[in-house]
Structures are given as C-alpha cells and as structure tokens.
Amino acid sequence: MDIFRSLGGMVEVVVTSADIPGILAAANGADIPIFSVHQRDDLTITAQIRRQDYRALAALCSKRGVSVALQHRQGLYWIGKTLLKRPVLLLGMLLLLMVLLYLPSRVFFVRVEGNSTIPANRILEAAEGSGIRFGASRREVRSERVKNSLLGAVPELQWAGVNTYGCVAVISVRERSITELSETENTVTSIAAAV
C-alpha cells in the first residue's frame, strides 16, 4: 500500500459470489479500483478498496445479489480517526514530541574533565558567568567565549574548551604546571622596581 492510499484509508473486504469475474468487471465499470485481489476458494475473494468506495461497492453487490463483508481497516486515516477518539493519548503524544524536540537544544548537565588540583565547583562557577548553566541554549554556548572567560577567572588554567553532546556540556581544561606558576611569581616584571 502506498502512502497516498494509506492517507485516504483502505478497507479489506470479503466478496462471496457465484460469478467472481462478473462482479470484478462490474466494479471496474463503476470506476471502483480494486487492489490486492486474492481468491480464497471458487466463490470467495478478498480484496482491498479505498475507504470512500466501500458504499458504492456494497450497493453494487446488493443489486447483483452478492455478499460483501468488511474484514478490517488499514491505513493512516483509520489510525488518526482512532487517536481522535482518545484525546488524552493524543495530547500525551504531542507533549512527548514537543519534549523530544526541545530537550536536545538545551544544556541540562555540565561536566568538567582534565582538572586535578582545581576544584570542579570553581570551574563551574566561572563557566556559569559565561552562559553555561542548567537549561542554557546549546546555540548560545560558544567555545571561544567560554575559554576566554575561564582563563580570565581561573589563572591556574593553561587551556580550556567546551563541547556539547546532546544535553551535556563537557568543559575540558588543562592546568598550568607548578613550575610555570613558580617561574611567573619569581620573575622580574618591572625593571624600575628591581633596581
């Protein structure tokens, strides 16, 4: 069944007649398209027709004294019609779809990796100032801005970066070595002050 027939809805019918070729020819003459015809025995066939053609086929069969019975319904039309009878389920499905579209665009978890001496809370507080917080938009998280903010707020960091994976923002940092920190503290920075 193709998508267009599925959208319009299909029904499977069982036709019982002594003249199966005659009823199929009459349906063809009445412009009733019949799909997937399967012969069960000499007097019975199953076939698929469009939902809107069922009444016309039933009227044609009753004129000719042929028995037609609806076996089952198929297609998206019938699924949608069933869902409309269950508004709470439909509302829940729409809410789930909205949540599935909304959640990946937000940051709900922040993780720090690469730190050994600097507490993660200090890095997280500095990152919060640059926009990485619970519920922040992933589009607004810019790695360059976060890097500059972290390096300015935490001078013990040599490098920082941020990547987002779904709802998780991972802040990767590299700490300065202790020798680099001690060298910068002991070096002369002003010639006038050293004299």
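Anyway, here's the lowdown on the structure attached to this text. (Residues numbered from 1 in each chain as written. Predicted model: local features only at pLDDT ≥ 70, side-chain atom pairs only at ≥ 80, totals over all residues. Heavy atoms only, no water.)

## Some words on the packing of aromatic side chains
- What the rule picks out here adds up to 2 aromatic pairs.
- Ring geometry for Tyr-77 and Trp-78: centres 5.0 Å apart, planes at 85°, overall edge-to-face.
- The exposure class assigned to Tyr-77 is partly exposed, which follows from its relative accessible area of 27%.
- Geometry around Tyr-77 places Arg-51 over its ring, the cationic atom sitting 3.9 Å from the centre.
- Of note, Arg-73 hangs over the ring of Trp-78, and the distance from its end group to the ring centre comes to 4.8 Å. (Phe/Tyr/Trp six-rings, centres within 6.5 Å; stacked < 30°, edge-to-face > 60°. Buried < 20%, exposed > 50% of the residue type's maximum accessible area, 1.4 Å probe, protein only. Lys NZ or Arg CZ within 6 Å of the ring centre and 35° of its normal.)

## Side note on the pattern of salt bridges
- Considering all chains together, one arrives at 4 salt bridges under this definition.
- Residues Asp-19 and Arg-64 are paired through a salt bridge, measuring 3.9 Å at the closest nitrogen-oxygen approach. Residue Asp-19 is located in the loop between strand 1 (10-16) and helix 2 (20-29), and its partner Arg-64 is located in helix 3 (residues 54-64); the two are separated by 45 residues in the primary sequence.
- Among the residues examined, Asp-19 registers a relative accessible area of 39% and is labelled partly exposed.
- Glu-156 is the partner of Arg-122 in a salt bridge, and the nearest nitrogen-oxygen pair spans 3.1 Å. Highlighted residues: Arg-122 in helix 6 (residues 120-129) and Glu-156 in the loop between helix 7 (143-153) and strand 8 (157-165), separated in sequence by 34 residues. (Salt bridge = Lys/Arg side-chain N within 4 Å of Asp/Glu carboxyl O. Helix = DSSP H or I, 4+ residues; strand = E, 2+ residues; numbered from the N terminus.)

## Some thoughts on the sheet that holds strand 1
- An order of 2-3-1-4 is seen for the 4 strands of this open sheet, with the pairing classed as antiparallel. The two strands at the open ends of the sheet, each matched to only one other strand, are strand 2 (34-39) and strand 4 (67-74). Strand-to-strand twist of the sheet, defined as the mean angle between neighbouring strand axes without regard to direction, takes the value 20°.
- With 4 bridges connecting them, strand 2 and strand 3 (residues 44-50) associate as antiparallel partners. (Pairing = 2+ DSSP bridges. Axes fitted to C-alpha atoms, helices over the stretch in contact; angles between N-to-C directions.)

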